[in-house]
Structures are given as C-alpha cells and as structure tokens.
Amino acid sequence: MKFTVPVKDLAQALGRISSAIPQRSPMPVLENVLLQLEGSMLSLTATDMDITMTTTLEVRGERNGALLLPARRLVDTVKALEMGEVTLDADLNSKRTLLNTSSGEYRLSGMDAAEFPQLAAFNPTITITLPSAKFGGMVDRTSFACSTDEFRPAMTGVLFQFRPNEIRSVATDGFRLVRVIDHEMQPQVSDNVDVIVPPKALQLVHKAFGAEQMTLEANSTHVRFTDGATTITARLIDETYPNYESVIPQANDKRMVIRRDDILGSVKRVSLYSNSQTRQVRLKLGGNALRIQAEDVDTGGEAFENVPCDYSETEMEIGFNSQFMREALDRIEADEVAFDFSTPLRPSLISPYGKSNGQEVLMLLMPVRLNS
Amino acid sequence: MLKMSQRRNVSEMEGEGNGEWRMENGGLLKFSLLAHTTLLFYIAPRIFMAWDSIIGQARAKNLLRAAIAGGRVPHAYLFTGTEGVGKDAAAIELAKALRCEQLGPQGTPCDACRNCQNVAALQHSNVRFVFALPTGKGEDGRTDSPLLKLSDGEISQIQEQVAMKAVNPYHNITIPRAQQIKISSIREVKRDIAFAATEPGWRIVIISEAHQMGEEAANAFLKTLEEPSPNTLLILTSSHKEQLLQTILSRCQEVRFDLLTDAEIAEALMARNNIPRKDALLLSKLSEGSYSRAVELTNSDLQQLRFDVVAFLRAALKRSPVSVFTEVERLTAGNDRRSLERTLMLLLLWFRDAMMLRLTGREESVVNQDQLKDIQSFNSKFATASTERLIRSVEEAIGAVRGNAQSQLAFIVLALRMESICYS
C-alpha cells in the first residue's frame, strides 16, 4: 500500500475518527486504525465494538492494499508533522510502514488487516435525509437527560420515533424527561420506527459532522449516520422504552410565563447557596412574582431573588433540583418560557413560550418535597 | 513463554512471515506486537480439536454436548470444580459450539470457521470473557470503565494474559493486584447485553472464577441472571462455589467438573507438553487432580526439590540437629507457602512409594524410580516404622503450612516426629 497526501488532510481525517478509538481495551487489535486504499480513495476505520467510525479522503494512490496501524502512534505522529505532504509506504508482507516527509522518515509496524473485527452486513430498513444542524439541536436538547443507570438500560439512550410526518426524540432518567417533536423533518417512512440510540454515538455525530445534510439509516440492531465522507455505525439499545406519554401530565392548569434569561440567571446565583447534596431551590409563586430561594443549613448560607413573572393563579410553593432546572432552561431557545404546574408534588412542565421553529419542546421536571 | 523486548529482533522476525513461524514439528511460533512488549507464544501442534481439547470430564462434556445438540441450552450455567480441571476450557468450547457456522454432530464445533477461531482467540464480538482486574489509581467504580484508570503497563499485562489464555485455555489468568471482579466489569456486561448483538445469533458471557465478584458486583449481576435475554448464555466458572451467593447458585444450572485422574493428567502432560513418561507420572501424582497445577509444577525446580526432600529425611533420621537445621533452612528459604506445600507433597509421595513397595513388592509401583535404591534401603533399615504414621505426620505438616504456621517450626516438628516414628 502506498499513497501521498497533504498532512493537513490526513490529520483532519484521523481527527474525525479518533474519538471512536477505545482508550483502553482488552483487545489489542482495537487500538489500531484500519487503512484501506483503493485507487485514490483512502478509508480510515476505527471501532470500539459499540461504535464504528469510517471516513474517506482523496489521496494520490500508488499501490492498493489494507493494513492496521497502531492508532495512538499514527495519530500523534501525523498531528505533529510539519505542513506539507506525507507519503505512506507499507510492505504488506512484513507490515513495516514508512512515513516519509520532506524532512524525515518514520517507521512503524502494523498488523494484518484481516485481524480487525468485521462488521456484520448492515441492511437498513429506513433511510432518512436530515438537516444536520436541526438534528444536532434535537440531540443536544435530549441527550443530557439520559440515565446512567444500567439497571434500566432502555433509559440510558435517546429514543427516536420516526413517524410519517414527524420525528420525536425522548430522553429521561426518571427525575426529568425531555420530548422534542419536529414537524418539519419529514422522514417519509411508511411504518412507525422506534430506535434507542446510545448517547455516545449521538455525541460523536454532533462533534464530527459538519455538512448541511446527513443521512440516517437504521434497522432493528444498528443505526448509521452518514455525512459525506464520514459514517458512524452504532449498536442500538435493544430494550423496550417505557411508555413515556403516560407520565406527561395533561391537566397542569397553573401557568407561569417568565423571561428565560431572568429565571436562569436567578437560579444560577441562588443555587450557589443551596445544599451541595440536594441542590434544592424553593420557588414561591403568587401575584405576578416569583421568589427563588435557597438555604444550606450545613454552612448557614441563604439567598433569595425576586423575579417578575406572569402568574395569576393561587399562591404556591414548589421545590426543584436547581441543577436539573438549569440544564433544562439552558436548552430552551426562546425569550420567554412557560412553566405549567399542578400541585407541589406533581411533575411540572417547562416549554418555550411563543412562536416555535417547527420543533415542539417539552421538558418535564419532578419536584422535590419541601420540608416546611 | 519467551519474552522479547528488543525491537531489533522483532524486525528481523518480521521478515520471516506473517506474525508466526511454522515449526518443523507442526507447532506454531506466534508473536504479537503490543504497545510495550513483544510476545512469543509456542503453540504445540494442534492435534486436539473441539471437545477433545478438554482433558477427561466425560460426564460434563456429554451433558453439554447433549444440551447443544438438543437445543436445550439454559440461560445460565455454573461450572464448578477444582482449579485447573478444565472449567474455563469447557466454557470456551461451549461458546465455540454455539457460535460455530458448521456445527458437527453432537455439538462438535468445526474449529475452522471465523467464529470458532475468534472465540478461541477470545476476540469474538459476541463472546465476552470476564475476569478479576486490578483497581486503577483514583478509579470511580460507578462511572469509570474497568480499564480506564489502569496504567499502560497493567493494560499490556492484561492483554498478555488474555493472549495466553487464548493459546492455552487451561492457563490461569494471573494479574498482580487483581483480587476482584469489579462491579464496573459487571456493569459493562449489563450494558453490553442491553445493546443489540453485534452479530446475530448467540451471545455468551463467561465469568471466570465468579466467586471473585465482590458482594456489590454479585448483587448487580443478579438482575442480569434474573432477567435473561433471549439468545444469551451466561457461563459462570468457580473453584470456590461455597463463596458464591445462594441467590446466584439458585439461578444457574450447575455442572460439576471432577478431579482428573492421574492417568488423564499424565497422558495430557505427555501429549501436550512433551513431557517424558516418568516425569509425567511423577507430576500427575503431585497435581492433586488438576492439570494446570501439574503444568505449573513442570516450571518449578522439581528435580532438585526431590533430592532436597530426601536430604531432609536423611538429616532427620541421622539424629543430627545441626544437619536438620541446615536442611530446614534450605527448604524454607523462599518461604513461599505454595512451594513449601509442594515440598511436603514430594515427601508424601516418597513415603507412599515406600509403603507401596513394602505392601506389594512391585518395583514398578514406585513413582520416584530414580530413588528406588534409597527407598529400598529405607524399607530394610526401618522395617518396623509405620509408613502410615509417617504419612499422617507429613499431612499434618501440610495442614500446618496451609494454616499459616511458622514454616521452619512446622518442618522441625515434622523432622522430630519422623525421627521418633522411625526409632520407636
């Protein structure tokens, strides 16, 4: 195998797939990058057995072939090379590989490409083209709420529901739930398709993809995202997602509308005085005003802020985990947000107030019980 | 195993071929380049295929093969039995049979397809092999993956041990500081099972020496045992069944692995390790029914030890305290309990020879053939001494050493007892 390529291109391509290389693995073969050259197309593949990333780039190919090279060494070397061109020349029998630049030569030994785990054939049942930015926004708005509890594996992923005229994404950890419905991305699937995608794969997609459009393909076991030259294939979580619709309250009749920046800023400041374990803040509502307060009995700290809001229902007090509040409010893109309360012990809903951009965002937050 | 770390040698070898050398006798010299070290493995010519690669254990093998052939594989097996009798080997063989693309009659894997080879190499994406690991510096058992915080050196040790297990399923994985199967390893298993299988078909998780799971890990694992996923087989192996939680025991189908007979071990040593017959017989007698213990003994300085033991006996019977002390000091110099036990086992074997010779008069019943003369002269000189009592006193000494007694004291007491038995 032999090719020449600008250092910058190779470094970029390696950078794209490097997040899929496992840091530590009992399988030494996974610490390698698979290089495959056919004509002028070089493809680089890395996998941790859960997620496989492949990217292709144009090179000046001289001799076709495939080889495994130690990932860390290759990435570090290429990253540190001076700008210019690099020629990679590998003897496929001895696996000895030479990297030649105008000023030097680097020798490394590879492994037989056949040792790399082979991906089972992937036959997608659905193929959808999506605007990357919009999909990325959807991912960003949901994946933070995933559970990390292996005892409820379904909830460790983001549920995507593809319907003929909408896409829904849902994440929950049992304390909060996010549901985003996008009416503009029309998947044009004939059947309903539900998949649970591990958040790590979604983060990689978010990080590695830059093009305007991306393709999503899925079957019952795998999902594949493609963005021009790069594909990310991930194993799905093969579990039944809990019936999340049943926990979303339909009759929360106490609505508070408030400027997002105001409440977010107040929560950030006041929560500094909350108990470091519970992170609890107390919301007192009544007469078009919101009072956010926190106290930490352990350190004797106490704080409150008054924020003007639109609330004309009966007075009430409700407690929340301030971190969950911040994480939810941070991800709502709107000037004003609406809180829909029922009673202090029942779930509350947060949603953007005013015009939507084709996405319907709903965040559910479980309150915490107040002591007095 | 040879270990080479000089890069120069490595590059010379690479010129020879594809990561392995075929030896004249059909054996294979395999080398693998790891991040820090280069490993060389000698693989004896493979004449043992499929289930034949497991020594003895006819009952267990038949049971497993019948389950495969009849499609009656339970969701969880527990293989119990002494260390080194083939529990892990059988688990790997079972995984192979379930994954094999061309399964022969009676659940015999073909050993040739990609699945069989990957399972055997412990590199199959659907087969997970779990074992005790050390804990890294500042590791958070809740969030960190089991290998994340380990040093590069530890990682290559682990990779090395896995590679050795792949070459020889009877190899006992030993990693320094690895006392527990970590809860993070169990979490990883749970996560893995929740994911769609990488490849369609059976998914197998082998938990080697499952009693090494800490209480927390064991409880976390219970949930997985209780809610089996379709097409997923959990195989637990354990040489200390009594240390497993009752709740785990009750959720697995137990398969007992018997102690191997001396003949089975001797035969395996001759065929697999190229050990001459007389040595193989001696080793098998010392191995207490465990093949891997027998192999372990081949690496020790057994010959020298055998003569040291006789020297110790001689000193005791000479009634010379000085020479007893010298011999005891020599024998207990290493002060490693395992080898002290071994020393006493050799003495035990020697008395057994004396007893056999006395009772049957048949010279071929003697294991220490090269010491036949010594044994005969002992028998004639101490014809009245009870070999049974001698054997019992050695057994007591073994018990004392196992019970963490001061080793020199145990040997001196033994010497005095032997003396009084012989001269009573």
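All chains use their own residue numbering, which begins from 1 and follows the written sequence. Chains and ligands are labelled sequentially in the order written, the chains with letters from A and the ligands with numbers from 1. Predicted model: local features are reported for residues with pLDDT of at least 70 only, side-chain atom pairs are reported and counted for 80 or more only, and whole-chain, interface and lining totals are derived from all residues. Hydrogens and water molecules were not included; the side-chain quantities draw on all heavy atoms of the structure.

A look at the overall build of chain A
Inclusion rule: By definition, any uninterrupted DSSP run of H or I lasting at least four residues is a helix, any uninterrupted run of E lasting at least two residues is a strand, and each is numbered from the N terminus. Only protein chains enter the calculation, and the probe is 1.4 Å; a residue is then buried if its accessible area is under 20% of its type maximum, exposed if over 50%, and partly exposed in between. Whether two residues are in contact is decided by their heavy atoms: any pair within 4.5 Å suffices. To measure how exposed things are, a 1.4 Å probe is used in the Shrake-Rupley method; for residues, cover is taken only from the protein chains shown. We count Lys and Arg on the positive side and Asp and Glu on the negative side, and we leave His and both chain ends out. One atom stands in for each charge, and that atom is NZ of Lys, CZ of Arg, CG of Asp or CD of Glu.
Summing up its helical and strand segments, chain A has 6 helices and 25 strands in all. If one aligns the C-alpha atoms of chain A with their principal axes, the spans along those axes are about 80 × 50 × 35 Å. Here chain A holds 372 residues, and the buried ones make up 56% of them. In chain A, of all internal contacts separated by at least 6 residues, the share reaching a separation of at least 24 is 66%. Split by element, the accessible area of chain A, about 17000 Å² in all, is 45% carbon and sulfur. Treating the 38 positive side-chain charges of chain A as one cloud and the 49 negative ones as another, the clouds have centres 3 Å apart.

A short note on the overall build of chain B
The helix and strand inventory of chain B stands at 17 helices and 9 strands. Per-residue burial for chain B yields a buried fraction of 53% across its 424 residues. Intrachain contacts of chain B at a sequence separation of at least 6 include 69% that bridge at least 24 residues. Surface accessibility of chain B: about 19500 Å² in total, with carbon and sulfur atoms responsible for 50%.

Quick look at the state of the cysteines
Residue and element names in this part refer to chain B. Stated precisely, the cut-off is as follows: For this text, the term disulfide refers to a pair of cysteine sulfurs within 2.5 Å.
Enumeration according to the criterion identifies 0 disulfides over all chains in this entry. Not engaged in a disulfide, the cysteine C110 finds its nearest cysteine sulfur in C100; these two sulfurs lie 3.5 Å apart. Judged by relative accessible area, C110 falls into the partly exposed class, the value being 21%. Between C116, a cysteine without a disulfide, and C100, which holds the nearest cysteine sulfur, the sulfur-to-sulfur distance is 3.6 Å.

Quick look at the domain arrangement of chain A
All names here are of chain A. Test applied: Each domain's extent is set by a domain assignment, obtained either automatically or from a database. Here the quantity called buried area is the accessible surface, traced with a 1.4 Å probe, that two parts lose on coming together, added over both. In the sections that follow, a salt bridge refers to a side-chain nitrogen of Lys or Arg positioned within 4 Å of a carboxyl oxygen of Asp or Glu.
Partitioning chain A into structural domains gives domain 1 (2-115), domain 2 (126-245) and domain 3 (248-365). Of note, the centres of domain 1 and domain 2, computed from C-alpha atoms alone, are 30 Å apart. Taken together, the contacts link 11 residues of domain 1 with 12 residues of domain 2. At the boundary of domain 1 with domain 2, total buried surface from both sides reaches about 1000 Å², with 52% on carbon and sulfur atoms. Per-residue buried area on domain 1 facing domain 2 is highest for S19, I51 and M53; these three make up 44% of the total on that side. In this structure, R235 and D50 form a salt bridge, with 2.7 Å as the shortest nitrogen-oxygen distance.

Considerations on helix α3 (residues 132-143) of chain A
Along an α-helix, residues three or four positions apart point the same way, because every turn accommodates 3.6 residues. All names here are of chain A. As a reminder of what qualifies: Between the first and last residue of a helix there are one fewer steps than residues, each counted as 1.5 Å, and that sum is the expected span.
Here α3 spans 16 Å end to end across 12 residues, near enough to the 16 Å set by a 1.5 Å rise per residue. When you tally the buried positions in α3, you get 10 out of 12 residues, the bulk of the element. Residues of α3 that are buried: S132, K134, F135, G136, G137, M138, V139, R141, T142 and S143.

Some points on the sheet that holds strand β19 (residues 280-286) of chain A
Residue and element names in this part refer to chain A. We apply this condition: Strands are labelled as partners when DSSP assigns at least two bridges between them. Axis angles are defined between N-to-C directions and span 0 to 180 degrees, where every axis is a line fitted to C-alpha atoms and, for a helix, only to the segment in contact.
Spatially, the 4 strands line up as an open sheet ordered β21-β20-β19-β22, and their pairing is antiparallel. One side of each edge strand has no neighbouring strand; the edge strands of this open sheet are β21 (301-308) and β22 (316-321). Taking the axes of each pair of neighbouring strands and ignoring which way they run, one obtains an average angle of 20 degrees across the sheet. Bridging between strand β20 (residues 289-296) and β21 involves 8 bridges; their strand directions are antiparallel. Looking across to β21, one finds that R291 is bridged to N306. Strands in contact with helix α6 (residues 322-330) are β19 and β22; relative to β22, the strand with the most contacts, it is inclined by about 85 degrees.

What to know about the packing of aromatic side chains
Rule in force here: Centres within 6.5 Å make a pair out of two Phe, Tyr or Trp rings, where for Trp the six-membered ring is used; the pair is then stacked when the planes are under 30 degrees apart, edge-to-face when over 60, and tilted otherwise. Both a distance and an angle decide whether a charge sits over a ring: NZ of Lys or CZ of Arg must be within 6 Å of the ring centre and within 35 degrees of the ring normal.
Counted under the stated rule, the structure contains 16 aromatic pairs over all chains. Ring geometry for F135 of chain A versus F160 of chain A: centroids 5.4 Å apart, planes at 25 degrees, classification stacked. Note that F135 of chain A is positioned in helix α3 and F160 of chain A in strand β11 (residues 158-163), a separation of 25 residues in sequence. Overall, F160 of chain A belongs to the buried group, its relative accessible area being 1%. Seen from their ring centres, F160 of chain A and F162 of chain A are 6.3 Å apart, and the 10 degrees between their planes marks the pair as stacked. For F162 of chain A, a relative accessible area of 0% gives the class buried. Clustering of aromatic rings is evident, with ring pairs tying together W350, F351, F378, F382 and Y423 of chain B. Over the face of the ring belonging to F307 of chain B we find R306 of chain B, whose NZ or CZ atom lies 6.0 Å from the ring centre. Here the basic side chain of R319 of chain B rests over the ring of Y423 of chain B, its NZ or CZ set 3.9 Å away from the ring centre.

As for the interface of chain A and chain B
Contacts between the two partners involve 30 residues from chain A, matched on the other side by 29 residues from chain B. In terms of surface lost to chain B, no three residues of chain A exceed R24, E150 and R235 of chain A, which account for 26% of the buried area on that side. Linking chain A with chain B are 4 salt bridges. Among the ionic pairs, R187 of chain B bridges to E150 of chain A, the shortest N-O distance being 3.2 Å.

A short note on the side chain of R342 of chain B
All names here are of chain B. Counted only if it meets this: Pairs of N or O atoms within 3.5 Å make up the polar contacts considered here, provided that, within protein, one atom can donate a hydrogen while the other can accept it, and that residues adjacent in sequence are counted only when both atoms are side-chain atoms.
Along the chain, R342 turns up in helix α14 (residues 337-360). Of the polar contacts made by the side chain of R342, one reaches the side chain of E296; its length is 3.4 Å. When residues no more than four places from it in sequence are discounted, the contact partners of R342 are E296, L297 and S300.

Considerations on the packing of helix α10 (residues 277-286) of chain B against α14 of chain B
All names here are of chain B. Formally: Here is the rule for angles: anything less than 35 degrees is roughly parallel, anything more than 145 is roughly antiparallel, 65 through 115 is roughly perpendicular, and the remaining ranges are oblique. In this scheme the crossing of two helices becomes right-handed for a clockwise turn of the near helix relative to the far one and left-handed for an anticlockwise turn of less than a right angle.
Relative orientation of the contacting elements α10 and α14 amounts to 110 degrees, with a least axis distance of 10 Å. It follows from the interaxial angle that α10 and α14 lie roughly perpendicular. Along this stretch, α10 crosses α14, giving a crossing that reads as right-handed. Of the residues in α14, those touching α10 at L282, K285 and L286 are M345, L346, L349 and R352.

Some thoughts on the sheet that holds strand β1 (residues 2-6) of chain A
Residue and element names in this part refer to chain A. Pairing within the open sheet is antiparallel, and its 5 strands lie in the order β5-β1-β7-β8-β9. Only two strands of the sheet have a single partner each, and these edge strands are β5 (60-63) and β9 (105-109). Averaged over all adjacent pairs, the angle separating strand axes in this sheet is 15 degrees, with direction ignored. Where β1 lies against β5, 3 bridges are found, and the strand directions are antiparallel. Residue pairing for β5: T4 is matched across the bridge by R60. Across the sheet, helix α1 (residues 7-17) touches β1 and β7 (85-90), and the angle it forms with β1 is around 95 degrees.

Observations regarding the nonpolar core
Let me state the cut-off plainly: Here the nonpolar core consists of buried residues drawn from Ala, Val, Leu, Ile, Met, Phe, Trp, Tyr and Cys, with membership extended through side-chain atoms lying within 4.5 Å.
Counting residues in each nonpolar core, the largest one holds 122 residues, and the members touching the most others are Y77, F79, L94, M213, L236, I248 and F351 of chain B. With 11 residues, the single largest contributor to this core is α14 of chain B. Composition of this core by domain shows at least three residues from each of domain 2 (48-258) and domain 3 (300-423) of chain B. Ignoring any residue separated from it by four or fewer positions in sequence, one finds F79 of chain B in contact with L64, K87, A90, A91, L94, I235, L236, T237, S238, V255 and F257 of chain B. Core analysis: the next-biggest nonpolar cluster, separate from the first, contains 99 residues, L42, I232, Y311 and A328 of chain A among them.

Some words on the pairing of strand β4 (residues 51-58) of chain A
Residue and element names in this part refer to chain A. Sheet analysis places strand β3 (residues 41-47) next to β4, joined by 7 bridges and oriented antiparallel. Bridge pairing in β4 links T47 to T52. Counting the residues in the hairpin turn of β3 and β4 gives 3 residues, including M49, whose phi is positive at 80 degrees. As paired elements, β4 and strand β17 (residues 230-235) share 5 bridges and run antiparallel to each other. Bridging across to β17, M53 finds its partner in I232.

What to know about the packing of α3 of chain A against helix α4 (residues 199-208) of chain A
Residues and elements named next belong to chain A. We count it as follows: The classification used treats Ala, Val, Leu, Ile, Met, Phe, Trp, Tyr, Cys and Pro as nonpolar, Asp, Glu, Lys and Arg as charged, and all other residues, Gly among them, as polar.
The geometry of α3 relative to α4 is characterised by a closest axis approach of 10 Å and an angle of 140 degrees between their N-to-C directions. Between α3 and α4, the interaxial angle falls into the category oblique. Here α3 runs over α4; the crossing is left-handed. When α3 is examined against α4, the residues F135, G136, V139, D140 and S143 are found in contact with a partner set consisting of P199, L202 and H206. Counted by class, the contact of α3 with α4 contains 4 nonpolar, 3 polar and 1 charged residues.

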